[in-house]
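# Descriptive analysis of the structure
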Amino acid sequence: MDKDNQIVTKTKAFASRIIKLYKFLNNEKREFIICKQILRSGTSIGANVRESIYAQSKADFINKMSIALKESSETEYWLELLFENEYLDEKAFKSIYDENCQLTAMLASIVKSSKAPKII
């Protein structure tokens, strides 16, 4: 995998959205607990994907991508809580939630295909 890969690009763009969401929650909504959690998990997705570029082995690559997948799932949870507790309106929630779900699906596919035995 290289830095021009689609998952690398998408997770970095998502991390930027998460940073903007953090600033909004912190400054406008005065929410200080969940916003820190979502900042950590939402930016960690891309960080782990980026780390996977230089994985030392296939197992290390799968591990990094699996961590990114877990962080994506955690981010989904925080987004749901923010919406259910009225920190996000439906339009904002749907937009970022859908993007997170797309990343989760991509990461799950990468992990699954990486674990599959190679057929020669």
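Residues numbered from 1 in each chain as written. Predicted model: local features only at pLDDT ≥ 70, side-chain atom pairs only at ≥ 80, totals over all residues. Heavy atoms only, no water.

## As for the side chain of Asn 48
What counts is decided by this rule: Counting from the N terminus, the helices are DSSP H or I runs at least four residues long and the strands are E runs at least two residues long. With a 1.4 Å probe rolled over the protein chains alone, any residue whose accessible area is under 20% of its type maximum counts as buried; one over 50% counts as exposed, and the rest are partly exposed. Contacts are assigned to residue pairs that have any heavy atoms within 4.5 Å of one another.
Note on placement: Asn 48 falls in helix α2 (residues 34–52). Accessibility expressed as a relative area gives 8% for Asn 48, which makes it buried. Apart from the residues lying within four places of it in its own chain, the contact partners of Asn 48 are Lys 64, Ile 67, Ala 68 and Glu 71.

## Brief notes about the environment of Thr 75
Among the secondary structure elements, Thr 75 is positioned in helix α3 (residues 58–84). Taking the relative accessible area as the measure of exposure, Thr 75 reaches 0% and is therefore buried. Measuring from C-alpha to C-alpha, the distance between Thr 75 and Asn 27 comes to 20 Å, with 48 residues separating the pair along the chain. If sequence neighbours within four positions are ignored, Thr 75 has contacts with Phe 14, Ile 18, Ile 38, Ser 41, Gly 42, Ile 45 and Asn 100.

## Structural notes on unusual backbone geometry
Even without glycine at this site, Arg 30 takes up a positive phi of about 55°. Along the chain, the position of Arg 30 falls in the loop between α1 (6–27) and α2. Residue class for Arg 30 comes out exposed when judged on its relative accessible area of 53%.

## So, the pattern of salt bridges
Spelled out, the test is: For salt bridges, the criterion is a side-chain nitrogen of Lys or Arg within 4 Å of an Asp or Glu carboxyl oxygen.
Scanning the entire structure with this criterion turns up four salt bridges. Across the pair Glu 99 and Arg 17 runs a salt bridge whose closest N-O atoms are separated by 2.5 Å. Here Arg 17 lies in helix α1 and Glu 99 lies in helix α4 (residues 90–115), a separation of 82 residues in the sequence. Overall, Arg 17 belongs to the partly exposed group, its relative accessible area being 29%. Across the pair Lys 94 and Asp 98 runs a salt bridge, and its minimum N-O distance is 2.9 Å. Residue Lys 94 and its partner Asp 98 are located together in helix α4, separated by four residues, close to a single helical turn. Looking at Lys 94, the relative accessible area reads 48%, which means it is partly exposed. A single network of salt bridges, built from pairs that share partners, joins Glu 51, Asp 60 and Lys 64.

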